[in-house]
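# Chain and residue survey
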Amino acid sequence: MRESQHSRIGVFDSGVGGLTVLRELYRQLPKESILYFGDTARLPYGDRSPSEIIQFVREILTWMAQENVKMVIMACNTSSALALEAIRDEFNFPVLGVILPGARAAVRHGKRIGVISTPATAASNAYRNAIQEISPNAEVWQVGCPKFVPLIEQNRIYDPHTKEVARQYLNPLLEKNIDTLVYGCTHYRHLKPVFQEILPATVQLIDPASYVVKAAQKELEILGLTNSTLTLPTRFGVSGCPEIFTQLSQQWLGFLPNVEKIYLPSVVSSSFSMEILD
Ligand code: DGL
């Protein structure tokens, strides 16, 4: 067996959004070992410029390369939209983004497609371009939702204010009679209970997390990198406060993760994440 089959898959996001991808990995590829990183000192990513995102992603992947990962899944739509093409050839392991698998799934389900995402992902048009490249007749409406990530990272999912905010973002899409809604940000799957109270049952919800893991499975098989023995416990790292991440993520993981602080070269302080969590 090749050494790299045992290596971990690197998974990263700005914060707890990528846990939706991690849960799919646990479900679909339980034999794989994972290195999870949340760039919590610098979240939210959704208001950042493309050059900042490219710099952050390059740094995270450089660290993951040093940790000897065999593949990286960008469990972050903003990174996939703004940085995947720019950095993918800089590393000698496969790097997968969530947008193409999400777009492919969306066109299999509908023709009138709403995409909720961070403002940066919406502005990039990554989903519209990917969907219409596969299905030119599909109609796509993208809504940037800047308030969702701070609300989720502050653990305010069941706060009545969150439902009000969700209504404001979803109403324009409902007026367009969408048949499909894509979670264009990995954090948003955590809001499913809120969305289900607002959306008619006829709207199909698409979670790209599930499809990127299917794509990862295929890629591992093609490259002969599938792990079949010796699964290691997930290693968790964050650039901000490990205790906050531990407490917040327990509800989605079902266990209290042991989280390390990771010092990336250009992270100067974790004050920003503390600010939004206060
Ligand atoms: N969860 C990420 C995404 O899918 C980033 C959200 C953010 O930090 O704004 O876009």
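Scroll up a little and you will see the structure.
Residues numbered from 1 in each chain as written. Predicted model: local features only at pLDDT ≥ 70, side-chain atom pairs only at ≥ 80, totals over all residues. Heavy atoms only, no water.

### Quick word on the overall build of the chain
- Tallying secondary structure elements over the chain gives 13 helices and ten strands in all.
- Here the C-alpha atoms of the chain give a radius of gyration of 18 Å, agreeing with the 19 Å that 2.2 N^0.38 yields for 278 residues.
- Its C-alpha atoms give the chain principal-axis dimensions of roughly 55 × 45 × 35 Å.
- In the chain, buried positions account for 57% of the 278 residues.
- For the chain, restricting intrachain contacts to residue pairs at least 6 apart in sequence, the fraction spanning at least 24 positions comes to 77%.
- When the accessible area of the chain is evaluated, it comes to approximately 11,900 Å², of which 50% is carbon and sulfur surface. (Helix = DSSP H or I, 4+ residues; strand = E, 2+ residues; numbered from the N terminus. Rg over C-alpha atoms; globule rule 2.2 N^0.38 Å. Buried < 20%, exposed > 50% of the residue type's maximum accessible area, 1.4 Å probe, protein only. Contact = heavy atoms within 4.5 Å. Areas by Shrake-Rupley, 256 points an atom, 1.4 Å probe, with all protein chains shown as cover.)

### Observations concerning the packing of helix α5 (residues 99-109) against helix α7 (residues 126-134)
- Between α5 and α7, the least distance of the axes is 9 Å, while the angle of their chain directions is 50°. Regarding the angle of α5 to α7, the classification is oblique. For the element pair α5 and α7, the recorded crossing hand is right-handed. Facing Ile99, Leu100, Gly102, Ala103, Arg104, Ala106 and Val107 of α5, the residues of α7 in contact are Ala126, Tyr127, Ala130, Ile131 and Ile134.
- By residue class, the composition of the contact of α5 with α7 is ten nonpolar, one polar and one charged. (Axes fitted to C-alpha atoms, helices over the stretch in contact; angles between N-to-C directions. Parallel < 35°, antiparallel > 145°, perpendicular 65-115°, else oblique. Left-handed = near helix turned anticlockwise from the far one by under 90°. Nonpolar A, V, L, I, M, F, W, Y, C, P; charged D, E, K, R; others polar.)

### A closer look at the pattern of salt bridges
- Overall, the coordinates contain 13 salt bridges when judged by the stated rule.
- Arg42 is paired through a salt bridge with Asp39; the nearest N and O atoms lie 2.9 Å apart. No difference in accessibility class separates Arg42 from Asp39, as the two residues are buried.
- Sharing partners across several salt bridges, the network here consists of Asp39, Arg42 and Glu59. (Salt bridge = Lys/Arg side-chain N within 4 Å of Asp/Glu carboxyl O.)

### Examining the site of the ligand
- Around the ligand there are 13 residues in total, and Ser14, Tyr45, Gly46, Asn77 and Thr78 lie nearest to it.
- Contacts to the ligand include Tyr45, whose backbone N or O atom sits 2.6 Å from an oxygen atom.
- In the complex, 99% of the free accessible area of the ligand, which totals 300 Å², lies under the protein chains.
- Of all the cavities here, the one that holds the ligand is the largest cavity.
- Considering only residue class, the shell around the ligand consists of five nonpolar, seven polar and one charged. (Near = heavy atom within 4 Å. Polar contact = N/O pair within 3.5 Å; in protein donor to acceptor, adjacent residues only side chain to side chain. 1 Å grid on protein atoms, 1.4 Å probe; cavity = no way out; pocket = protein on both sides within 12 Å on 5 of 7 lines; lining within 4 Å. Sits in = over half its atoms within 2 Å of the grid points.)

### Description of empty space enclosed by the protein
- The tally for this structure, following the rule as stated, stands at two cavities of 30 Å³ or more.
- Here the largest cavity defines a volume of roughly 120 Å³.
- Every residue lining the largest cavity is counted, 18 residues in all, and those nearest its centre are Gly46, Thr78, Thr118, Val149 and Cys185.
- Of the residues assigned to the lining of the largest cavity, the class counts are nine nonpolar, seven polar and two charged. (Points joined across faces, edges and corners; volume = space filled by probe spheres on them.)

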